[in-house]
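# Remarks on the overall topology
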Amino acid sequence: MRPSAIGILAVLATLACRQAEPAPVDAGSPSELTPDAVFADDSLGWIVEIGLAGDRVVALDAMLQPAVHVVDLEALRRLGSYGQRGDGPGEFKDPEQVVAGASNSPDEVWILDGIHQRLTRLSLQEIEAGTGVTPETFRMDGPNAGALVRASDGRWFAGGWITGGRVARYHADRSYDRTIVGLPTDLVEAPGTTLLQAYESWVVADPAGGRLAAATLLGGLLEIFDHDGALIAQAAVPDPFQPMWAQGRSRSGRAVMAVGSETRYGFTDLAATQRYLYGVFSGRRVDEDGPVWASRDVQVYTWDGAYVKTLHLDRAVEAIAIDASDTWLYASGLEPSPWVGRFRLPQP
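Everything numeric in this text was worked out from a predicted model, so none of it was measured.

## Some points on the sheet that holds strand 8 (residues 108–113)
The antiparallel open sheet is built from four strands, whose spatial order is 7-8-9-10. The two strands at the open ends of the sheet, each matched to only one other strand, are strand 7 (95–100) and strand 10 (136–139). This sheet shows a mean twist of 25 degrees between the axes of neighbouring strands, independent of strand direction. For strand 9 (residues 118–123) and strand 10, the ladder comprises four bridges, and the chain directions are antiparallel. Following the sheet pairing, Leu119 is matched in strand 10 by Phe138.

What follows is the structure in structure tokens.
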């Protein structure tokens, strides 16, 4: 979902399509946040996603081995690590999403591997014990998922390069049901995976049930849907913009999206509680210096799409997770060294 998803695309200086943008919203003064606690260690590698599972933070390292780090929620100390790169069962090429176990399985997590398009189920107790981990691996059935969430009714929903749209629905047994959220109807037609890449989205579910939110990686778009894909609300994003894309070709000649000097990152991560949606928002062009997908700004919205406020962190973050009580924001980043931290959220 981050640069690995578009880094292989050709870079073009001239963009072929730009959509009309709605008027911006006054964001007001952001809330300034400093971390309550930080765990920093070069061995964390590149943490591309984090998730909460019971009293632990589960962090995915896309650079070094092992690929999964388990961190204590309160003390922010590492409890164990697991994984190695490869194609075999329980091995990873592109770990990019953490899905916590069901309410009756707090010790369980599922890890989505983007390249392999499969899920690996892990026991956190086994990782912490360090005496042998017995992973279970399951193939994903259906479109190329990049973001994955399990709703309270047991069904799964995915964003990514979704065939025919932006959000796919899966049965409780993880078998593909159908694509429920399509692409905007006013787009010009484009071959191959061009539009699927341009409108690639994060997807989260309302813990109370019934609603989904999709936030666009390369656009300032945040939308709320029901489980059938019917639009409930388009969020009042302070800096709204459509993806700016051009037609490109891969080395093999496949039609793909190309990025250029005006292509911008929008929402680079998305998290949800029963009360709010939290989105890491970049707004920076892809050709700027540094990790432009990282940002200090986390925008907060209601499940009706109302903009609440912007949280301004004292360091750039790449991934976030929020505890169920909206008390703590957990985040990860690369600079000045790889870290996982905890920030106390301001009261409403």
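## Brief notes about the layout of surface pockets
Each pocket or cavity is described by its volume, and for the largest pocket that value is around 1,000 Å³. Along the wall of the largest pocket there are 38 residues; nearest its centre are Leu52, Ala100, Val149, Pro207 and Ala272. Sort the elements by how many residues they give to the lining of the largest pocket and strand 3 (residues 47–53) lands first, with five residues. A class-by-class count of the residues in the lining of the largest pocket yields 23 nonpolar, nine polar and six charged.

## Side note on the pairing of strand 9
Of all the six residues making up strand 9, five are buried; the element is thus mostly covered by neighbouring parts of the structure. Sheet analysis places strand 8 next to strand 9, joined by six bridges and oriented antiparallel. The residue of strand 9 that forms the bridge with Trp110 is Arg121. Joining the antiparallel neighbours strand 8 and strand 9 is a turn of four residues, in which Gln117 adopts a positive phi near 50 degrees.

## What about the environment of Leu221?
Mapping Leu221 onto the fold places it in the loop between strand 16 (211–216) and strand 17 (222–226). Leu221 sits in the buried class, given a relative accessible area of 8%. Each residue touching Leu221, except ones within four places of it in the same chain, is listed here: Tyr199, Ala214, Ala215, Thr216, Gln234, Phe241, Gln242, Pro243 and Phe267.

## Looking at the side chain of Glu200
Checked against the element boundaries, Glu200 lands in the loop between helix 3 (194–198) and strand 15 (201–205). Its relative accessible area of 4% is what places Glu200 among the buried residues.

## So, the sheet that holds strand 12 (residues 156–161)
With respect to topology, four strands assemble into an open sheet ordered 11-12-13-14, the strand pairing being antiparallel. Two strands in the sheet have a free side with no partner beyond their single neighbour: strand 11 (144–150) and strand 14 (176–182). Direction aside, neighbouring strands of the sheet carry axes that sit 30 degrees apart on average. The pairing of strand 11 with strand 12 spans six bridges and is antiparallel. Its bridge partner lying in strand 12, Arg150 is registered against Trp156.

## Here's the deal with unusual backbone geometry
Backbone phi values are negative for most residues with the exception of glycine, while trans is the configuration of most peptide bonds. A cis amide bond links Gln65 with the next residue in sequence, Pro66, at an omega value of 0 degrees. Mapped onto the secondary structure, Pro66 falls in the loop between strand 4 (56–61) and strand 5 (68–72). For the bond running from Glu335 to Pro336, omega is 5 degrees, close enough to zero to count as cis. In this structure, Pro336 sits in the loop between strand 26 (328–333) and strand 27 (339–344). Residues other than glycine seldom take positive phi values, yet Arg174 does so here, at roughly 75 degrees. Assignment of secondary structure puts Arg174 in the loop between strand 13 (165–170) and strand 14. Owing to a relative accessible area of 17%, Arg174 belongs among the buried residues under this scheme.

## Side note on the packing of aromatic side chains
Summed over the entire model, instances satisfying the criterion amount to twelve aromatic pairs. Centroid distance Phe267 to Phe281: 5.1 Å. Interplanar angle 75 degrees. Geometry classified as edge-to-face. Here Phe281 lies in strand 22 (residues 276–281) and Phe267 lies in strand 21 (residues 267–272), a separation of 14 residues in the sequence. The pair Phe267 / Phe281 is uniform in exposure class, with both members buried. By the ring-pair criterion, three or more aromatic residues cluster together here, those being Phe241, Phe267, Phe281, Tyr301 and Tyr307.

What counts as what
Residues numbered from 1 in each chain as written. Predicted model: local features only at pLDDT ≥ 70, side-chain atom pairs only at ≥ 80, totals over all residues. Heavy atoms only, no water. Pairing = 2+ DSSP bridges. Helix = DSSP H or I, 4+ residues; strand = E, 2+ residues; numbered from the N terminus. Axes fitted to C-alpha atoms, helices over the stretch in contact; angles between N-to-C directions. 1 Å grid on protein atoms, 1.4 Å probe; cavity = no way out; pocket = protein on both sides within 12 Å on 5 of 7 lines; lining within 4 Å. Points joined across faces, edges and corners; volume = space filled by probe spheres on them. Nonpolar A, V, L, I, M, F, W, Y, C, P; charged D, E, K, R; others polar. Buried < 20%, exposed > 50% of the residue type's maximum accessible area, 1.4 Å probe, protein only. Contact = heavy atoms within 4.5 Å. Phe/Tyr/Trp six-rings, centres within 6.5 Å; stacked < 30°, edge-to-face > 60°.

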